[in-house]
Amino acid sequence: MSMATASLIRRTLCLLTKKSPRVCPFCFSTTPDFKVNPSKYVTGLVTDQIEGDPENNFQESEGGKEEYVADSEEEEEEEEESPLLEKNVQKEERTSDRLHNIRTLHCFKRHMVDEEGSRRCRRLRWEGETPGLLYGGDPTQGILSKNPESKVFVKTPWNLLHRELDLHHHHFQSRVYDLTVYESPDDTEGIVHRVLPRDLQRHPVQNKIYCVNYLRYYPGRPIKIPIVYLNEEESPAMKRGGFIAPVNRYIECLVEEGVPIPESVGLECTGLRLKETVRIDRIVFPDGVKPSKKVHLTDFLIGTVFGRRGARAGDDKQDDD
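Values in this document were obtained by computation on a predicted structure and should not be read as measured data.

1. Considerations on the overall build of the protein chain
Point 1. Per the secondary structure count, the protein chain includes six helices and 14 strands.
Point 2. Counting all 321 residues of the protein chain, 37% fall into the buried class.
Point 3. For the protein chain, contacts bridging at least 24 residues in sequence account for 63% of all contacts bridging at least 6.
Point 4. Taken as a whole, the protein chain presents about 20900 Å² of accessible surface, with 49% of it coming from carbon and sulfur.

2. Things to note about the nonpolar core
Point 1. Of all hydrophobic cores here, the largest spans 28 residues; its most connected members are Ile223, Ile244, Ile251 and Ile283.
Point 2. Secondary structure elements with two or more residues in this core: strand 7 (223-230), strand 9 (250-255), strand 10 (265-268) and strand 14 (301-306).
Point 3. Beyond its immediate sequence surroundings of up to four residues, Ile283 is in contact with Ile227, Ile251, Val265, Gly266, Leu267 and Ile302.
Point 4. In this structure, Tyr177, Leu179, Val181 and Ile209 belong to the second largest nonpolar core, which totals 16 residues.

3. Examining the layout of surface pockets
Point 1. By volume, the second largest pocket is sized at about 250 Å³.
Point 2. Arg122, Arg125, Trp126, Gly128, Glu129, Thr130, Trp158, His203, Gln206, Lys208, Ile209 and Tyr210 are the residues that line the second largest pocket.
Point 3. The set of elements that each furnish at least two residues to the lining of the second largest pocket consists of helix 4 (118-126), strand 2 (129-135) and strand 6 (209-216).
Point 4. Looking at the lining of the second largest pocket, the element that brings in the most residues is helix 4, giving three residues.
Point 5. Its residues placed into classes, the lining of the second largest pocket shows four nonpolar, four polar and four charged.

4. As for the confidence of the model for the protein chain
Caution is warranted with low-pLDDT regions, since their predicted coordinates should not be read in detail.
Point 1. Averaged over all residues, the pLDDT of the protein chain equals 79, while 66% of them reach at least 70.
Point 2. Segment residues 25-34 is flagged for pLDDT under 50; beyond a separation of four residues in sequence, or across chains, it makes 36 contacts in the model.
Point 3. Contacts for the low-pLDDT stretch residues 60-71, under 50 throughout, to residues beyond four places or in other chains number nine contacts.

5. Quick word on the environment of Ile191
Point 1. Take Ile191: it is sitting in strand 5 (residues 191-202).
Point 2. Taking relative accessible area as the criterion, Ile191 reaches 47% and is therefore assigned partly exposed.
Point 3. Measuring from C-alpha to C-alpha, the distance between Ile191 and His106 comes to 9.6 Å, with 85 residues separating the pair along the chain.
Point 4. Apart from residues no more than four positions distant in its own chain, Ile191 is found in contact with Leu179, Thr180 and Val181.

6. Let's talk about the environment of Cys121
Point 1. Take Cys121: it is sitting in helix 4.
Point 2. By relative accessible area, which is 11% here, Cys121 ends up buried.
Point 3. Sequence separation of Cys121 and Pro131 is 10 residues, and the distance between their C-alpha atoms is 6.3 Å.
Point 4. Excluding its chain neighbours within four sequence positions, the residues that come into contact with Cys121 are Arg110, Glu115 and Pro131.

7. So, a nonpolar patch on the surface
Point 1. Among the surface-exposed residues, Met112, Val113 and Phe153 lie close enough to one another that they form a single nonpolar patch of about 300 Å² accessible area.
Point 2. Positionally, Met112 belongs in the loop between strand 1 (103-109) and helix 4.
Point 3. According to the relative accessible area criterion, Met112 is exposed, its value standing at 58%.

8. Quick look at the pairing of strand 9
Point 1. Within strand 9, five of the six residues are buried, leaving the element largely enclosed by the surrounding structure.
Point 2. The pairing of strand 7 with strand 9 spans four bridges and is classified as antiparallel. Residue pairing for strand 9: Lys224 is matched across the bridge by Glu252.

Cut-off values and rules
Residues numbered from 1 in each chain as written. Predicted model: local features only at pLDDT ≥ 70, side-chain atom pairs only at ≥ 80, totals over all residues. Heavy atoms only, no water. Helix = DSSP H or I, 4+ residues; strand = E, 2+ residues; numbered from the N terminus. Buried < 20%, exposed > 50% of the residue type's maximum accessible area, 1.4 Å probe, protein only. Contact = heavy atoms within 4.5 Å. Areas by Shrake-Rupley, 256 points an atom, 1.4 Å probe, with all protein chains shown as cover. Core = buried A, V, L, I, M, F, W, Y, C linked by side-chain atoms within 4.5 Å. 1 Å grid on protein atoms, 1.4 Å probe; cavity = no way out; pocket = protein on both sides within 12 Å on 5 of 7 lines; lining within 4 Å. Points joined across faces, edges and corners; volume = space filled by probe spheres on them. Nonpolar A, V, L, I, M, F, W, Y, C, P; charged D, E, K, R; others polar. pLDDT = per-residue confidence, 0-100. Patch = residues over 30% accessible without salt bridge, like charges linked within 9 Å, V, L, I, M, F, W, Y side chains within 5 Å. Salt bridge = Lys/Arg side-chain N within 4 Å of Asp/Glu carboxyl O. Pairing = 2+ DSSP bridges.

Rendered as structure tokens:
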């Protein structure tokens, strides 16, 4: 039993006693017989044992040092609060990432000697790891693309990639991720990079993922966003079986800092007729999203409306009416 526990028991039992000419074995004051059975506070402790041999009932801990310090309670409370604060910060970061439409992903560094080359990469694929490269600059973190240290050889677990591909399919490379790069499987901290998946390669026959790279992302870097069609039932041609033969399925955009990254941009199809050419003026951009400098603001072609002749005849009837 430690000295801290012994002192607490002494104080408790002394408070429960009355004054008498007999000496208390706990605090050496004059106290009478106990009103309360001490076994209520210490299992197996009897009053006769305390009166007969008080010193052996309260021994110091091993090494003769006290394990309890009165001033250490505040330090222990601070230590208990610090992990709670860290958890709250992590929750806030996760919620902000969700609001900005950013998902999480992790990978591991590849060994410079044992895990580079075609044969060693093939062995990684057999073990369920997909080789790749993390590259590109990030001014927010002071990383320049011209420095050799900016290129990091990584390997991503196969199941994580398939989970994201099952969710987003062909739009996987239009998503932004917080990629945590661990030094080894034993590493628990890692370094977080905001990235865009790039250069996804598959086996020509088995359709398995062979390679995926990551480009560092920061606000202001162009990102290709998929185009979806809105209000198709309001188009005379498309509601009669017509369709848009796409020339561009994606449009390169710039997203301002603090603005959620859109999963897609909408193409307004209201009033589209057969043989009509669809351009950028029909795209509805969210707030804080604009086309990049590479996109021509008047001549960017999305596609042309095609369909059956019946759709053309229906349009002519509507015009006559």
